[in-house]
Amino acid sequence: MHDLRAIRSDPAALDAAMARRSIAPQADAILRADFALREHQKAEQDHNAQTRSYSTDIALAARRGDLDAVEKTKVLAQRHKESAPDYQAQGIDLEDRRSKLLDGIPNILDTTVPDGVDETGNIELHRNGTPAQSNVARQHFELGEALSLMDFEAAARLSGSRFVVLRGALARLERALGQWMLDQHITHNGYTEIAPPYLVNAASLYGTGQLPKFEEDLFRTGDKYLIPTAEVPLTNLVAGQIIAEPIDPLRFTALTPSFRSEAGSAGRDTRGMLRQHQFHKVEMVSVTRPEDSDAEHERMTACAEAILTALGLTWRRMFLCAGDTGFSAAKTYDLEVWLPGQQAWREISSCSNCHAFQARRMNTRFKRGKETVFVHTLNGSGVAVGRALIAVMETHQQGDGAVIIPEPLLPYMGGVSRLDGSKLAPA
């Protein structure tokens, strides 16, 4: 959501901001819709004022005993009423038209975001490790199926494409990853664990920017939606609130399933677990004062990086360019992990500073003296569990197809230190 007063005062600034995202000018259409609504509101106010004036004239004439004036004024008042359009219905339509225009406009990019039209314009800031070059490394699904621990055929019979059944120690490894990552963020990174609902209403999805623009990417059941990410319920914990000025950021984390229709990904990543309709993710959300959000963005991203380093993975931080930054984000860092089986970098975490964009949609502010100020919201994957599983399998695979369990996960694995089919070597 955008500040309409700012658009009225400087429409060129909005169009310049949209041009960075390769979006056509928007200000003129918004201002025309805004003008039409304001003119309508003025006409309704003038009509109501005239109605009140007739009522006053009728009352004064009645007190004077001038019955002829009373009747004449009643006739005029009735004509005035009958000539009026349906102000309420027209007002709803005009306001809806303006809202749709505003709701479809993405966030204003931070001034530090690099220019670029797509992912080719993203900038690598730093990396950890050296990508392993191999002609024999297997992809995760080859490893999982060879170990008889990853079953896509069973999942297809149960649910269709883009699902997987994990068995035995691999299922436990996925659970271990999620639990360990959650514990890291709670114990070491200062996040408060939340167990949120997995079904949310439309208002919550509007607040974080998934609705109305990305409805086709969601799974709907009745009047509720399955969460596409825990960002939605975590961020909306403060929706509609005026909170005390947060000296320290509010930090929330959750391990939840995420549900996505992947409507725009037909034919992409059809093999394996990279792009699923259902996957688990550890999410981080922060709510800060505007002056603190840049530092919080760096801190949040570093928390996700520490997870990847502890798992022995090779990763890099990418600064997303203007054309690749998401709808609600003002600034985004993607963390990409090297997958030896694919011989490619793949996104495993995305950490975004949304500035006040979501706060305006949620109407979330804090008190600063006598004023109220919109908060800044941030979100990041800490990290995607399924993709972490893929990265662990491909990075720590052995020549015989076994997979070594990273040391931090051993306490969660019940004595299992490697995956090698039916024979599980103890720690």
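Residues numbered from 1 in each chain as written. Predicted model: local features only at pLDDT ≥ 70, side-chain atom pairs only at ≥ 80, totals over all residues. Heavy atoms only, no water.

Relative to the 26 Å expected for 18 residues at 1.5 Å per residue, helix H11 (residues 293-310) spans 26 Å between its end C-alpha atoms, a close match to the ideal helical length. By the burial criterion, the buried members of H11 are Ser293, Glu296, His297, Met300, Thr301, Cys303, Ala304, Glu305, Ile307 and Leu308. Just downstream of H11, glycine 312 is the residue with a positive phi angle, here 75°. (Helix = DSSP H or I, 4+ residues; strand = E, 2+ residues; numbered from the N terminus. Expected span 1.5 Å × (residues − 1). Buried < 20%, exposed > 50% of the residue type's maximum accessible area, 1.4 Å probe, protein only.)

Okay, the sheet that holds strand E5 (residues 199-200) next. Read from one edge of the open sheet, three strands run E5-E7-E6, paired in antiparallel fashion. Bordering the open sheet on either side are E5 and strand E6 (220-221), each of which pairs with just one other strand. Pairing geometry for E6 and strand E7 (residues 224-226), over two bridges, is antiparallel. From the neighbouring strand, arginine 220 faces E7, where its bridge partner is tyrosine 225. (Pairing = 2+ DSSP bridges.)

What follows is about the side chain of glutamate 231. By the secondary structure assignment, glutamate 231 is in helix H10 (residues 231-235). Buried and unpaired, glutamate 231 has no salt bridge, with lysine 281 as the nearest side chain of opposite charge at 6.3 Å. Side-chain polar atoms of glutamate 231 contact the side chain of glutamine 358, separated by 2.8 Å. Glutamate 231 has contacts with Thr208, Gln210, Glu283, Val285, Gln358 and Asn379, leaving out every residue within four places of it along the chain. (Lys, Arg positive; Asp, Glu negative; His and termini not counted. Salt bridge = Lys/Arg side-chain N within 4 Å of Asp/Glu carboxyl O. Polar contact = N/O pair within 3.5 Å; in protein donor to acceptor, adjacent residues only side chain to side chain. Contact = heavy atoms within 4.5 Å.)

Below, the discussion takes up the sheet that holds strand E15 (residues 371-374). Reading across from one edge, E8-E14-E15 is the order of the three strands in this open sheet, with mixed pairing throughout. In the strand order of this sheet, the two ends are held by strand E8 (242-244) and E15, each with one partner. With direction set aside, neighbouring strand axes in the sheet form an average angle of 45°. (Axes fitted to C-alpha atoms, helices over the stretch in contact; angles between N-to-C directions.)

Let us now look at the environment of isoleucine 404. Within the secondary structure, isoleucine 404 is located in strand E17 (residues 403-404). For the pair formed by isoleucine 404 and leucine 149, sequence separation is 255 residues and the distance between their alpha carbons is 15 Å. When residues no more than four places from it in sequence are discounted, the contact partners of isoleucine 404 are His396, Gln398, Ser417 and Arg418.

In this section: the pairing of strand E16 (residues 376-384). With nine of nine residues buried, E16 lies mostly within the body of the structure. Across seven bridges, the pairing between strand E10 (residues 278-288) and E16 is antiparallel. Pairing of threonine 288 across the sheet is with histidine 376, part of E16. When strand E13 (residues 344-353) meets E16, the two strands line up antiparallel, connected through three bridges.

A few words on the packing of helix H8 (residues 168-187) against H11. At a minimum axis separation of 11 Å, H8 and H11 run at an interaxial angle of 135°. Here H8 lies oblique to H11, going by the angle between them. Crossing handedness for the pair H8 and H11: right-handed. Counting all contacts with H8, which are made through Trp180, Met181, Gln184 and His185, the residues of H11 involved are Cys303, Ile307 and Ala310. Looking at the contact of H8 with H11 residue by residue, the classes come out as five nonpolar, two polar and no charged. (Parallel < 35°, antiparallel > 145°, perpendicular 65-115°, else oblique. Left-handed = near helix turned anticlockwise from the far one by under 90°. Nonpolar A, V, L, I, M, F, W, Y, C, P; charged D, E, K, R; others polar.)

This part takes up the packing of aromatic side chains. A complete count under the given rule lists four aromatic pairs for this structure. Taking the centre distance of 5.5 Å and the plane angle of 85° together, the rings of phenylalanine 214 and phenylalanine 327 count as edge-to-face. Of the two residues, phenylalanine 214 is situated in the loop between helix H9 (202-208) and E6 and phenylalanine 327 in the loop between strand E11 (315-319) and strand E12 (331-339); the sequence distance between them amounts to 113 residues. Residue classification places phenylalanine 214 among the partly exposed residues on the basis of a relative accessible area of 29%. Ring geometry for tryptophan 338 and tryptophan 345: centres 5.4 Å apart, planes at 70°, overall edge-to-face. This pair shows no difference in class: tryptophan 338 is buried, exactly as tryptophan 345 is. Among the aromatic side chains, those forming a connected cluster through ring pairs are Phe214, Phe327 and Phe357. Cation over ring: arginine 317 sits above tyrosine 333, and NZ or CZ is 4.6 Å from the ring centre. If you follow arginine 361 out to its NZ or CZ, it ends over the ring of tyrosine 206, 4.1 Å from the centre. (Phe/Tyr/Trp six-rings, centres within 6.5 Å; stacked < 30°, edge-to-face > 60°. Lys NZ or Arg CZ within 6 Å of the ring centre and 35° of its normal.)

Turning to the nonpolar core, a few remarks are in order. Counting residues in hydrophobic clusters, the biggest one holds 48 residues, and the most contacted among them are Leu170, Leu173, Leu177 and Leu419. Of all the elements in the fold, those that place two or more residues in this core are helix H6 (140-146), H8, E10, H11, E12, E13, E16 and helix H13 (385-395). If one sorts the elements of this core by residue count, H8 sits on top with eight residues. Setting aside its immediate chain neighbours within four residues, leucine 173 contacts Leu389, Val392, Ile405, Leu409, Met413 and Leu419. One finds Leu4, Ile7, Ile30 and Ile105 within the second-largest nonpolar core, a separate group that totals nine residues. (Core = buried A, V, L, I, M, F, W, Y, C linked by side-chain atoms within 4.5 Å.)

Quick look at unusual backbone geometry now. In the segment running from leucine 211 into proline 212, the intervening peptide bond is cis, with an omega of 5°. Examined against the element boundaries, proline 212 turns out to sit in the loop between H9 and E6. Valine 383 follows glycine 382 through a cis peptide bond whose omega is 10°. On the secondary structure map, valine 383 appears in strand E16. Phi at histidine 355 is positive, roughly 50°, even though this residue is not glycine. By secondary structure assignment, the location of histidine 355 is in the loop between E13 and helix H12 (357-362). You will see that asparagine 363, though not glycine, has its phi angle at about 55°, which is positive. Mapped onto the elements, asparagine 363 comes out in the loop between H12 and strand E14 (365-368). The exposure class assigned to asparagine 363 is partly exposed, which follows from its relative accessible area of 36%.

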